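# Observations on the three-dimensional arrangement
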Amino acid sequence: MTIQTVPIALDFDEGIDRKTLRRLRDRFMAVNGQRWDRAHSALTYRQQAVLDVLPLVFHLNHPALPGYLDSDCPYGLSHYRPPESTLNAARRLARTFSLKDEGRRKPDLEALFLMGSPGTLGHSVASDLDIWLCHRPDLSERGVRCLERKAQSLSIWAESLGVELHVFVFSAADWRAGRQRAEVTGENCGSSQHYLLLDEFYRTSIHLGGRYPLWWLVPVEDEQRYDECARQLIDCRFIRSDEYIDFGPVSSIPQEEFLGAGVWQLYKGIDMPWKSILKLLLIECYARSNEGSESSESNESNEKPLLSQVFKSAVYSGETNPDRLDPYILLYERLEQWLLEEDAPQRLALVRQSLYLKAGLPLTRSAQALSGWRATLLQALVESWGWSATELKDLDNRIRWRAEDVVTLRRVVVGELTHSYRLLSRLARDHDTGAAISSNDMNLLGRKLYAAFQRKAGKVEQINPGLAPSLVEENLAFHHQSEQSGSAGHDGWLLYRDLEDPSDALWQPVIRRSGNLAELLVWSYCNGLLTRSTRLNVRSGSSVASVAELREMLDALGAFLPFPVEPADRESLSRGIHPLRNLLFVNVGVDPQAYLTERGLHKLSARHDSLGFSGGRENLVSTIDQVTFNSWHEVSLQHYAAGDTLVQCLKNVLASVATAPDRLPDIMVHSHSTGHGAAIARRVRELFKDVMRYFFAGGVGPHPLRYVIEMDRRFFLLQFSGTEPGFVALDSKETLMVYLSKPQESYVPVVFDQYALLDDRSLRAVCRASEPDNIQVFYRVTGETATVWVVDELGSVFCWQQGYTNRRFLLVPLLRFLENLMERRQLRQLDALTDVAGVQCYEMVLRDGQWHAERRPDADSNVRLPGLDVQAIGVQEGDSRVRFDIFCGDQEFTVQEYGDQLIPAVAHYIRSLRQSDERYPVYLTDVHLPHDLDPQVYQQHIQTIQYLYYRTELEDLLNRHL
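Scoring rules and cut-offs
Residues numbered from 1 in each chain as written. Predicted model: local features only at pLDDT ≥ 70, side-chain atom pairs only at ≥ 80, totals over all residues. Heavy atoms only, no water. Helix = DSSP H or I, 4+ residues; strand = E, 2+ residues; numbered from the N terminus. Contact = heavy atoms within 4.5 Å. Pairing = 2+ DSSP bridges. Axes fitted to C-alpha atoms, helices over the stretch in contact; angles between N-to-C directions. Phe/Tyr/Trp six-rings, centres within 6.5 Å; stacked < 30°, edge-to-face > 60°. Buried < 20%, exposed > 50% of the residue type's maximum accessible area, 1.4 Å probe, protein only. Salt bridge = Lys/Arg side-chain N within 4 Å of Asp/Glu carboxyl O.

Now for the environment of Leu54. By secondary structure assignment, the location of Leu54 is in helix α2 (residues 45-59). Between the C-alpha atom of Leu54 and that of Leu208, which follows or precedes it by 154 residues, the distance is 8.2 Å. Each residue touching Leu54, except ones within four places of it in the same chain, is listed here: Leu112, Ile131, Leu165 and Leu208.

This is the structure in structure tokens:
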């Protein structure tokens, strides 16, 4: 076809003619044909078959052609006549294929287009093919579903030929109404943009078959009255309505689209920055132009035309040179003009770099590569930019880029993406418009941006978001800072490449510095510098790290997190963030037994618990490096090296689990295999799993309980307050028992770690037998001594020892005291719906090496012991101290009368009643406590454990004075 290059003018007011319209259509089709040829030539021979037969497989529903699924699948492409080249391509795919005359039937499909980068400078071997398949608006739902299945089948077939094909099925009527079911950008962003996408379609699309775009026939200056012109063309029969497809005008971009489209490009820019930077800057350029036009009374004089309008105007004026009409050239020229006006040379440099890398043509590689039209066009651009041979060679050698190069470039790229997002957000706020993007999409995109770019404490930064093909290093050297002269006493680590001689470190560049070795290793692994094939060198200085230890850590990392770290999918981002798995590196570069060996402590005992090792019960966990991989696919590392490292790490893991108790994270633990490394790892892993199992049993929680760990001759008690875990360190068993006796707000049982209090297994059995809403008395007799535990209705544990003569004198005073409490509670709670706690009595019995709580009848409580009733009535006098009036039978002893001599006076009175000088203890039969034990708090219900505490205190005082 001969291309007419004279300008074509259409004046809808003065009159138009069919001949001019046909010339205009033929010119667009000629330009279209040039683009198709370029798109076709960019594919390999096998891939070309996809482009060749694509219109035919939809025009015919032939069982021998790719994508065939159902005999009744809609087919027929309006006005399509397959050329001989297409038929030959079909015969090469299927020898049984033959074209049959279908007669005159109404076609189900209106048009087929290829859009995007194919046929342009921006097309590369990695580019995909985005196809718009437009069906007639009255097609049944079943027919549309069938077309979608066929499109999916074709994508699978194309993939087998090395082509990434996306076919989007919708109707032009649905598109104009904004209700298209297909997310026609290929990545589910249909809610974010409409006119921006249509602008891209009109300037990049290649017509493959069916109806032509009606937009071609409406001049740019008439787009404001597009619908009027379209009706005139059809109503006056200048064109036939079944020859053209109408997606509507795109005279301007509504302000509300910019934010949604900008955020979406940021979303894609995380993985494909070069293309997204170009599109983001175009969106910003459009937004700036739009902003300027809205602030002016004359829109026409200020608003710059959209690129689709620039393209259409050029065709109307007679421009047919495919280089001049290339969409990426038009895009670059617009951005260059704008950034020069803005005096932004750094941003313009990034645009040029992005365009060059998007094209994917290394111009310095070989002369043969310069023979194609894309190379020729790109070479002309590069020469106009004035790039030096060094700059060009550096970009072409992207595969050899190092971590330092990528870090610098990433900073520029992320800065540009962030700048664009903030600017577009501000524009949307200033114009008080809602973003044309669903809140769900906005949330997902924001989360992906956060996961990819947000810096936060401990997060392992991903430095290579698609900037370089690989950062793998052949040799890496990890140097402890104490190896450097003048750095004695420093604990940091340095990462070098190709460093065999330590003395070379003085003038070799450092890839990265870190305070600890594990962080350096994890960063190197997650960013692809370190693989199993990398040769390692370790200069450990004052640490004991070795190549063997790093190799083991690398193997553990590989099992924990395969490289590369894939971005999170939409489903994961749609939910709250929670940890998926944790890897704990214990004692990296540390020998926890070094000083134990020197002191010979490892030989003093048969204790093998890693948290209470040897006779000194030493904790062998010195440091922990916690690597966490969460549901948004972020990797973070937290280093614990000071204080109670294990409990701090455990507390933080519990805090993260509390946000998603139904999804417990996997726990992996690694400790270097020398010495007791395997035992340490096993012990830590068992502890973490046990703690999580108790606090989050049944996939809910955190459950109220107190978990006790014995470690390093101390006790640690873990407990949640709401969803926040905390721990208390207790220096001895005595302080632990005091803490366990504290009042609780609700029932909180005590759970012991499997290695805690192994020298008091009876206490473990007592706590294991604890039940809510009961007062439980446990006792154990050892010779002439009895140990008594009371676990009250809220799980508080009170313990004491006393002399033992017989069971009756041991239990009756205590049971009578508890029953008096019960009686008073019952009288106060006659109308209460809750059950009043009962009293149960157990004896601790050793059987088969295990302590068991065996129920004992409480009939002894009905036996009355000789003696008088001693009752204490608490009085709160406004400070933190509670004073007691004591009644011995009918005799009253008050604080007001006796003051500090009250206890001696009571003891003297009791002695005076005794008929012999024999000393034996006195027991309180009842204690009354005020509800304002703490002057700042009013206790509606005083806990049993509080009565027992004051009873024991008063009895001890009285018995000392007897």
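Now that the structure has been shown, we can carry on.
What follows deals with the sheet that holds strand β27 (residues 926-928). Strand order across the open sheet formed by four strands is β26-β25-β24-β27, with mixed pairing between neighbours. The sheet terminates laterally at β26 (891-893) and β27, the two strands that pair on one side only. Looking at each pair of strands side by side, their axes are set apart by 20° on average, direction ignored. Bridge count for strand β24 (residues 870-876) against β27 is three bridges, and the pairing is parallel.

Turning our eyes to something else, we now look at the packing of aromatic side chains. What characterises a pair of aromatic rings is the spacing of the ring centres plus the angle enclosed by the ring planes. For the structure shown, the criterion picks out 29 aromatic pairs. For the ring pair Phe201 and Tyr202, a centre distance of 5.6 Å and an interplane angle of 55° mean the geometry is tilted. Judged on exposure class, the residue Phe201 and its partner Tyr202 are both buried. When the ring of Phe695 is compared with that of Phe720, the centres are 5.1 Å apart and the planes differ by 70°; the resulting orientation is edge-to-face. One end of the pair, Phe695, is in helix α23 (residues 677-695); the other, Phe720, is in strand β16 (residues 714-721), with 25 residues separating them in the sequence. Taking the relative accessible area as the measure of exposure, Phe695 reaches 0% and is therefore buried. The exposure class assigned to Phe720 is buried, which follows from its relative accessible area of 13%.

Bringing unusual backbone geometry into the picture now. For the peptide bond that leads from Phe563 to Pro564, omega is 0°, which places it in the cis range. Positionally, Pro564 belongs in the loop between α19 (547-560) and α20 (570-573). Cis geometry marks the peptide bond from Gly701 to Pro702; its omega dihedral reads 5°. Topologically, Pro702 is positioned in the loop between α23 and β15 (706-711). A positive phi angle, close to 60°, is found at Asn587, a residue other than glycine.

Now for the pairing of strand β4 (residues 206-210). Of all five residues in β4, five are buried, a share of seventy percent or more. Relative to β4, strand β1 (residues 109-115) runs antiparallel, the two sharing four bridges. Looking at β4, one finds that Phe113 is bridged to His207.

Here the focus is the pattern of salt bridges. A side chain with one charge may pair with a side chain of the opposite charge, provided their charged atoms come close. Applying the stated criterion across every chain, the model contains 48 salt bridges. Between Arg856 and Glu843 there is a salt bridge, with the nearest N and O atoms lying 2.9 Å from each other. Residue Arg856 is located in strand β23 (residues 850-856), and its partner Glu843 is located in strand β22 (residues 838-847); the two are separated by 13 residues in the primary sequence. Of the residues examined, Arg856 reaches a relative accessible area of 22% and is grouped as partly exposed.

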